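What the coordinates show
So the chains spell out like this:
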Amino acid sequence: MAAGVNEPARLPSRNVVPGAYRGVAVTWVECDLDEESLGRHLIGREAYRRTRFIVVRNGPETGVVAVQKASAEPLFSPITGLQLLVGPADCVFLEDPEVDTAIPTALAYAATSRAPGKRGVVVQGKYEHVSFIIDPSPLRITVREVAPPYPAKLLDQVHRVLALAEHLPPIELVPDVVELDSLAESRRSEHYLLPCRGGGVAVEGATTDYLDEHPERREWTLIGCERSEQIHEWFYGERAPQVDICPWKRSGGAGPILAKCCLLESHIEIDDRRVIVPWGASLAQISQALTTLVDEWEPSWAPA
Ligand SMILES: [Zn+2]
């Protein structure tokens, strides 16, 4: 007999999401959705070998139970015990073909946006797959970025990575995006130098030049990162008055932070439980950064 098959499931205290290979069965019943009634109804019935959770439904009511079976070896085995994880007063059933139920972040977003305040949310999503989340409490990660371009690149990339992140706990992004022209206002000048024309920024009421075009030297204020200052020094033999746009150097904020820095070129760095990625970070590096933040801030989370 496989170990653990008879033991009650050990579940995290929040963000309970079944793992990819933990079968979730759906059963319509006619009994009340309390643990005792469900026990009378389900114990002794055969369940498929991979089934560990059963979504029980009766009319409009939904609950979720964890089940133990006599054995995990044969294809089917009798149910020997169950725990009601969430009952119908605290649970809803959502149908949304846009939700990929294999992605914990997508499950949590569906739960918190569509059924706020409910402990348990069962979602029938893409491919008609059914999964659930109990006690959703996403890890809030601040993404520190500067714009334009729009959409703010790092923030957009993190959203794209999260849309595929089967292995990460639910994550909610907290954008901390500062606009270049508001940074310019912090140091008034009649002439600004920006890193490149590509960003499309011009500061109203001031002349704007772009460092990547190597313009003739003027008395300007550089709106750029440390790397831009280094390039300025290379071109003109001196540094310019500067408004530093580096998101990593922006101070303040608590909790998990993901920021980019102009000085990183090829690797990510961790500093005081926050993660810094290069200016041109790849999606793979951003995935690695998110995994690193989760290891720091949610080390014990695992799918149920
Ligand atoms: Zn930097």
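Residues numbered from 1 in each chain as written. Predicted model: local features only at pLDDT ≥ 70, side-chain atom pairs only at ≥ 80, totals over all residues. Heavy atoms only, no water.

Taken together, the protein donors to the zinc ion comprise Cys246 (SG) and Cys261 (SG), at separations of 2.1 to 2.3 Å. Placement of Cys246 in the loop between strand E14 (242–244) and strand E15 (257–261) and of Cys261 in strand E15 is noted, with a sequence separation of 15 residues between them. Owing to a relative accessible area of 8%, Cys261 belongs among the buried residues under this scheme. (Donors = N, O, S within 2.8 Å, 3.2 Å for Na, K, Ca; no water. Helix = DSSP H or I, 4+ residues; strand = E, 2+ residues; numbered from the N terminus. Buried < 20%, exposed > 50% of the residue type's maximum accessible area, 1.4 Å probe, protein only.)

Bringing the sheet that holds strand E1 (residues 23–28) into the picture now. Taken together, the five strands give an open sheet; going across it, the order is E1-E3-E4-E5-E2, and neighbouring strands pair in mixed fashion. A single partner strand is all that each edge strand has here, and the edge strands are E1 and strand E2 (46–48). Sheet twist, expressed as the mean angle between neighbouring strand axes with direction ignored, is 45°. Relative to strand E4 (residues 61–69), strand E3 (residues 51–58) is paired through six bridges, and the arrangement is antiparallel. Note on E4: the bridge partner recorded for Val56 is Gly63. Each of E3, E4 and strand E5 (76–86) is contacted by helix H1 (residues 35–42), which is oriented at about 170° to E5, the strand it contacts most. (Pairing = 2+ DSSP bridges. Axes fitted to C-alpha atoms, helices over the stretch in contact; angles between N-to-C directions. Contact = heavy atoms within 4.5 Å.)

The next subject is the sheet that holds strand E6 (residues 91–95). Across the sheet, which stays open at both edges, the three strands sit in the order E6-E7-E8 with mixed pairing between neighbours. Edge positions in the open sheet fall to E6 and strand E8 (130–134), since each of these has one partner strand only. Each adjacent strand pair in this sheet contributes to an overall mean axis angle of 20°, direction not counted. Pairing between strand E7 (residues 120–124) and E8: five bridges, direction antiparallel. The residue of E8 that forms the bridge with Gly120 is Ile134. Along the sheet, helix H2 (residues 104–114) contacts E6, E7 and E8; its crossing angle with E8, the most-contacted strand, is approximately 65°.

Taken as a whole and assessed by the stated rule, the structure comprises four aromatic pairs. Aromatic side chains Phe235 and Tyr236 sit 5.9 Å apart centroid to centroid with 90° between the ring planes, which places their arrangement in the edge-to-face category. Phe235 sits in the partly exposed class, given a relative accessible area of 30%. Among the aromatic residues, ring-to-ring pairing joins Trp220, Phe235 and Tyr236 into one connected group. If you follow Arg57 out to its NZ or CZ, it ends over the ring of Phe93, 3.6 Å from the centre. Between Lys260 and the ring centre of Trp279, over which it is positioned, the NZ or CZ distance is 4.5 Å. (Phe/Tyr/Trp six-rings, centres within 6.5 Å; stacked < 30°, edge-to-face > 60°. Lys NZ or Arg CZ within 6 Å of the ring centre and 35° of its normal.)

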